[in-house]
Amino acid sequence: MRHNKHHASLGVTRSHRESMLSNLAAALITHGRIQTTLTKARVLRPFIEKAITKAKHAAGKSEKKDAVHLRRLVLRDIRDEDAVTLLFNEKYKDFSDRAGGYTRIYKLGPQRLGDAAEMALIEFVKADDTGYKKSKGKRSAKGKKGKAGAPAVPAAEAPAAAPEGEAKA
């Protein structure tokens, strides 16, 4: 039974997982985007977003001791002082207008040759990026005919329907 297990183990021990996430987060902060496996990217997303939120809160604190406390909390998780300094001094400004969703994961096509792991690209979302709307996929011919907003074509002017199996030119 998996009761009370709310994290992906990634097939490694706890200390290894913490070190791996710390290194992945530091690389993401430093480079802006990294390529990793899809599973690691999905585990990294909430990890790094919590750190960014703490950096944003630290910027809004009036007393220095509160900001230092938040920085130390992030340093406990991301053990790269240069990356944390970069996050708290510069990178947090990119996310000041966003209420969350600081990262985006793209699935990459081919699987890794060694172990056939699904690969992904995780990157920071720009401040002015609104994203995209998901398409609803291809609609069937039935869905288009019954649409209320489509203009009606009289039967005399309608082109002859092609028999099934033949494509129109």
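Nothing here was measured: the structure is a model prediction, and the numbers come from that model.

### Thoughts on the overall build of the protein chain
Phase 1 of the analysis: For the protein chain, the helix and strand inventory stands at five helices and three strands.
Phase 2 of the analysis: Counting from the amino terminus, the protein chain carries its helices and strands in the arrangement α-β-α-α-α-β-β-α.
Phase 3 of the analysis: In the protein chain, which comprises 169 residues, the proportion classed as buried is 28%.
Phase 4 of the analysis: Working note: accessible area of the protein chain is about 12,600 Å², and carbon and sulfur atoms make up 51% of it.

### A short note on the packing of aromatic side chains
Phase 1 of the analysis: This model, assessed by the stated rule, comprises two aromatic pairs.
Phase 2 of the analysis: An aromatic cluster is built from F95, Y102 and F124, whose rings are joined through pairwise contacts.

### Here's the deal with the environment of F88
Phase 1 of the analysis: Relative to the assigned elements, F88 resides in helix α4 (residues 81-89).
Phase 2 of the analysis: Each C-alpha atom, one on F88 and one on H57, is 9.9 Å from the other, the two residues being 31 residues apart in sequence.

### Observations concerning the pattern of salt bridges
Phase 1 of the analysis: Throughout the structure, instances matching the rule amount to five salt bridges.
Phase 2 of the analysis: For the salt bridge of E63 with K65, the shortest nitrogen-to-oxygen distance reads 3.7 Å.
Phase 3 of the analysis: Relative accessible area serves as the criterion here: at 41%, E63 is assigned to the partly exposed category.
Phase 4 of the analysis: Exposure remark for K65: the relative accessible area of 59% places this residue in the exposed category.
Phase 5 of the analysis: Linking D115 and R112 is a salt bridge whose minimum nitrogen-to-oxygen distance equals 2.9 Å.
Phase 6 of the analysis: By relative accessible area, D115 is classed as partly exposed at 48%.
Phase 7 of the analysis: Relative accessible area serves as the criterion here: at 35%, R112 is assigned to the partly exposed category.

Cut-offs applied
The numbering scheme is per chain: residues are counted from 1 as the chain's sequence reads. For this predicted model, a pLDDT threshold of at least 70 governs which residues receive local features, and a threshold of 80 or more governs which side-chain atom pairs are given and counted, while totals over whole chains, interfaces and linings are taken from all residues. Calculation of side-chain values draws on the structure's entire complement of heavy atoms; hydrogens and water are dropped beforehand. Put simply, DSSP marks the helices as runs of H or I at least four residues long and the strands as runs of E at least two long, and each gets a number from the N terminus on. Burial classification: accessible surface area is computed with a 1.4 Å probe over protein chains only, and a residue below 20% of its type maximum counts as buried, one above 50% as exposed, and the rest as partly exposed. For the area figures, the Shrake-Rupley method with a 1.4 Å probe applies, and any residue is considered shielded solely by the protein chains shown. Two rings belonging to Phe, Tyr or Trp (six-membered ring only in the last case) form a pair when the distance between their centres is within 6.5 Å. Interplanar angles under 30 degrees mark stacking, angles over 60 mark edge-to-face geometry, and anything in between is tilted. Salt bridges are identified by distance alone: a Lys or Arg side-chain nitrogen within 4 Å of an Asp or Glu carboxyl oxygen.

None of the figures reported here should be taken as evidence of function without further support.
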